[in-house]
Amino acid sequence: MVAAVTATAVLAVADPGGPALRFTDGTPRDLRRVAGQAWLRFTAGFHGRSDCLGAVTVGVAWELDDRARYEPRPALVLVRAPGTAGNLQATLLHEFAHHAEHRCPMDSAFRRRFVDAASLPAGTPWRGGERWDRIPSERFAEAAVSLVLGEPPPHILIRVTPDEVRAVAAWAAGGWG
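Conventions used here
All residue numbers refer to position in the chain's written sequence, counted from 1. Two thresholds apply to this predicted model, a pLDDT of at least 70 for residue-level local features and 80 or more for giving and counting side-chain atom pairs, whereas whole-chain, interface and lining totals are computed over all residues. Note that the side-chain values use all heavy atoms of the structure and ignore hydrogens as well as water. Here a helix means four or more residues in a row that DSSP labels H or I, a strand means two or more in a row labelled E, and each is numbered from the N terminus. Surface accessibility in these figures is a Shrake-Rupley result with a 1.4 Å probe; residues are shielded only by whichever protein chains are displayed. Two cysteine sulfur atoms make up a disulfide if the distance between them is within 2.5 Å. The buried label goes to any residue with under 20% of its type's maximum accessible area, the exposed label to any with over 50%, and the partly exposed label to all in between, with areas taken from a 1.4 Å probe on protein chains only. Any two strands between which DSSP finds at least two bridges are classified as paired. Between the first and last residue of a helix there are one fewer steps than residues, each counted as 1.5 Å, and that sum is the expected span. The aromatic pairing rule takes the rings of Phe, Tyr and Trp, using the six-membered ring of Trp, and pairs them if the centres are within 6.5 Å, calling planes under 30 degrees apart stacked, those over 60 edge-to-face and the rest tilted.

Asker: Any chance you could explain the overall build of the protein chain here in plain terms?
Answerer: Summing up its helical and strand segments, the protein chain has six helices and five strands in all. Carbon and sulfur atoms form 51% of the exposed surface of the protein chain, whose accessible area is close to 8600 Å².

Asker: Explain the state of the cysteines to me, please; I cannot follow it from the model alone.
Answerer: As enumerated under the stated definition, the model contains one disulfide in all. Shown here is the disulfide that connects Cys-52 with Cys-104, its sulfur atoms set 2.1 Å apart. Torsion about the S-S bond of the Cys-52 and Cys-104 cystine: about 105°, corresponding to right-handed handedness. Linking Cys-52 in helix α2 (residues 50-53) with Cys-104 in the loop between α3 (85-103) and α4 (108-117), this pair joins segments that are 52 residues apart in sequence. Residue Cys-52 shares its accessibility class with Cys-104, and that shared class is buried.

Asker: Explanation requested: the pairing of strand β3 (residues 55-61) in the structure shown.
Answerer: Two faces belong to every sheet, and in a regular strand the side chains alternate between them. Most of β3 sits out of view: seven of its seven residues are buried. Neither face of β3 is open: one carries Ala-55, Thr-57, Gly-59 and Ala-61, the other Val-56, Val-58 and Val-60, and all of them are buried. Pairing between strand β2 (residues 20-24) and β3: four bridges, direction parallel. Directly across from Phe-23, in β3, lies its bridge partner Val-58. Strand direction decides the pairing type here: β3 and strand β5 (residues 76-80), joined by five bridges, are parallel. Bridging across to β5, Val-58 finds its partner in Val-77.

Asker: Any chance you could explain α3 here in plain terms?
Answerer: Side chains that are three or four residues apart share a direction in an α-helix, a result of its 3.6 residues per turn. When the terminal C-alpha atoms of α3 are compared, their 26 Å separation across 19 residues agrees well with the 27 Å that a helix rising 1.5 Å per residue should span. Counting buried residues along α3, 14 of its 19 residues qualify, which places the element largely inside the surrounding structure.

Asker: How do you make sense of the packing of aromatic side chains when you look at a structure like this?
Answerer: Following the criterion strictly, the structure yields 13 aromatic pairs and no others. Ring centres of Phe-42 and Phe-46 lie 4.2 Å apart, and the angle between their planes is 20°; this geometry places the pair in the stacked category. Both residues of the pair, Phe-42 and Phe-46, belong to the buried class. By way of ring pairs, the aromatic residues Trp-39, Phe-42, Phe-46, Phe-96, Phe-110, Phe-114, Trp-126, Phe-140 and Trp-171 are connected into one cluster.

If you want it as C-alpha cells, here you go:
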C-alpha cells in the first residue's frame, strides 16, 4: 500500500530550517493533532539530532498489517487508523525513531554499545533477523519511545532495559556519532 505523498508542511519546530512534520492530504485532523504533539515531544527528546532530522510526512493507512510503517524514501510514516491517542502516539514515536536512525549518522561504536546494552550477541545485524524483539533497530525505536514518554508505552511491544534507554538518550542528545 502506498499513500499519495501530496503533502503540505503544517508544523515546524524551532526554526524554519529545523525538523518539520508534514501530512498527506487524506490524514484526518485528529491524527494530525496526535502526530503533531508526538513530533513536538520527539524533537524535544532528540534535540541533539535536530540538524539532521529534516522533514517527515505522516499519512493514514486504513488497512495495514502492522500498526505503522516507515518508508525511508520519501521519509513517510504510514499509520493504521483508527486507534487510541495513547497507542497512536507511541506508534508514531517508534516510527519517528526509525526516521532519525535513517536520517542521522549512527556510527558503529554506538551500534555496538546499543547491542551490548540490549544483551544481544556481538555482531548482531542492526536490521533484520528471525525475531522482531531481537532486532537492534526495533529495540532502538522502542527505547526511544520510553525515553520520550519517560515510561514504557501503553502497549509494550518490547521490554527494553534502562541501559538501552540511556544509550538512546546519549545518542539523541548528540553523543556517540
